[in-house]
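An overview of the molecular structure
Residue-level listing of the chains:
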Amino acid sequence: MKPNYLIDIAQWRDRPGPRGIPSICSAHPLVIEAAMLRALKEGTHLLIEATCNQVNQDGGYTGMTPANFTGFVGEIAAKTGFPIENVILGGDHLGPNPWKHLPADEAMDKAEAMIRAYAGAGFTKLHLDTSMGCAGEPVALPDATTASRAARLAAAAEDAIRGRDGIAPVYIIGTEVPVPGGALEELDTLEVTAPEAAVETVDIHRQAFRDAGAGEAFSRVVGAVVQPGVEFGNENVIAYDRPKAAQLSASLTKLDGLVFEAHSTDYQTQGALRDLVADGFAILKVGPGLTFALREALYGLDQVAAFLFPDARSKTLAEVAEEVMREEPANWGKYYHGSPEALRLQRHFSYSDRIRYYWPHPKVATAVEELLGLLDGVTISETLISQYLSGSYERVRDGQVAPQAKALAIAAVDAVLEDYFTACKG
């Protein structure tokens, strides 16, 4: 099989070129389009990841199987002119999480079917996450159990691609990550992964892979997930504290050929992202921060449309989104807390951005389509952009961004992406 672009990521810091890579964790077509346009401008590969809950053999919450997602990304690449061979598809948190309400044997059978589907669909970066307890088990499992289950999934992925041409997948191990989508409450500090724990995780997985007959697959383990001390809650962000992570960073000298993967890096400054990459956290995961920026732009355009065409719509986009989220609270009800006023604020403006789950909803998608259709062909004045989309004002003035609705939505996402791509240059 062909070598994987990420196979030597641990050596990138010793040569000219990128020192790390952003991991774009989103299934929103405008986010993926913006990422492809940014990667085209930078002349780099693009890593796009889907999660086990988002995309799986049962459809996930996006309704897409891994093969569907591959086709979906391919269509956007064709539209943007991005070389499909420069797209790296990743699977995040691949394990029994979507089925953890089932007994472990059943959940792991489902997880095995999922990773076979991912590998078979051309995903070449696979994060093995089997840390969660299933029905009747503790919430967190012993390291040996986690590693054994991860090795089983790696063996299944290898079996799924045996005899095929293509690119051999690389693997990410380790599961010491924040709650998906951000913390459930405001946090002041986080405990950084202990260096000895990171080394032990790798050692235990190495042996488990051997025991499962997947020793060759372990040679393609390129990263371990750890907690460098970054996180975001509904209303606050914990910034990267470089001295606190110094010992963890130094432990990479004992992990030859590996880098660290940092989750929940959303909302970190460009300087903090650059420090993370320099300290060996070479894979920077970002998701809610991108859709948060997109929501800001769509809500700004919503205000522009309300001003320019006050009688054209029966409801604004924000009003439709509020109505749908109140009618269907499953994607935010367990995560937001407080008074009715606090809940309303969080539904729309939380850093965890759980409104992102509602963009595919038929009513919300129709409202977005109506908004963009209303503004299609409209040249939005610089003064309205200054008022409602101020983040893009200077780039519009400089001629870098067209004063058009879709261009302004893409530009809002690109402003976040630019920080990540710049940080990964070293």
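Here is a short report on the structure shown in this document. Computed from a predicted structure; not experimentally measured.

Next up on the list: the nonpolar core. In terms of nonpolar packing, the biggest core is built from 122 residues, with Met36, Phe69 and Phe209 touching the most fellow members. Among the elements that take part in this core, helix H15 (residues 405-423) stands out by supplying 11 residues, more than any other. If we skip the residues at most four places from it in the chain, phenylalanine 209 touches Leu128, Ala151, Ala154, Ile173, Ala214, Gly215, Ala217, Phe218 and Val221. Listed in part, the 14 residues of the second largest apolar core include Ile9, Trp12, Ile172 and Val259.

Over its 14 residues, helix H12 (residues 362-375) runs 20 Å from end to end, which matches the ideal 20 Å to within 8%, given 1.5 Å per residue. For H12, the full list of buried residues reads Val364, Ala367, Val368, Leu371 and Leu375. Considered in projection along H12, the buried side chains sweep an arc of 100 degrees and stay on one side of the axis. Seen from the open side of H12, the exposed residues pointing more than 90 degrees away from its buried face are Pro362 and Glu369.

Before going further, it helps to spend a moment on the side chain of threonine 124. Residue placement: threonine 124 occurs in the loop between helix H3 (104-120) and strand S4 (125-128). Excluding anything up to four places from it in sequence, threonine 124 contacts Asn4, Ile88, Leu89, Ile167, Pro169 and Val170.

Okay, the packing of aromatic side chains next. Applying the stated criterion to the full structure yields 14 aromatic pairs. Through successive ring pairs, a cluster of aromatic residues spans Phe69, Phe72, Tyr118 and Phe123. Between arginine 295 and the ring centre of phenylalanine 292, over which it is positioned, the NZ or CZ distance is 4.8 Å. We note arginine 354 situated over the ring of tyrosine 335; from NZ or CZ to the ring centre the distance is 3.5 Å.

On to the pairing of S4. Of the two faces of S4, the one holding Lys125 and His127 and the one holding Leu126 and Leu128 are both buried throughout. Relative to S4, strand S3 (residues 87-94) runs parallel, the two being bridged by 3 bridges. Bridging across to S4, glycine 90 finds its partner in lysine 125. Read as a crossover between parallel neighbours, the route from S3 over H3 to S4 is right-handed. Where the polypeptide runs from S4 across helix H4 (residues 143-161) and back to strand S5 (residues 170-173), its parallel neighbour, the crossover connection is right-handed.

Rules of the game
- Residues numbered from 1 in each chain as written.
- Predicted model: local features only at pLDDT ≥ 70, side-chain atom pairs only at ≥ 80, totals over all residues.
- Heavy atoms only, no water.
- Core = buried A, V, L, I, M, F, W, Y, C linked by side-chain atoms within 4.5 Å.
- Buried < 20%, exposed > 50% of the residue type's maximum accessible area, 1.4 Å probe, protein only.
- Helix = DSSP H or I, 4+ residues; strand = E, 2+ residues; numbered from the N terminus.
- Contact = heavy atoms within 4.5 Å.
- Expected span 1.5 Å × (residues − 1).
- Arc of directions from axis to C-beta.
- Phe/Tyr/Trp six-rings, centres within 6.5 Å; stacked < 30°, edge-to-face > 60°.
- Lys NZ or Arg CZ within 6 Å of the ring centre and 35° of its normal.
- Pairing = 2+ DSSP bridges.
- Right-handed = clockwise from strand over helix to strand, strands pointing away.

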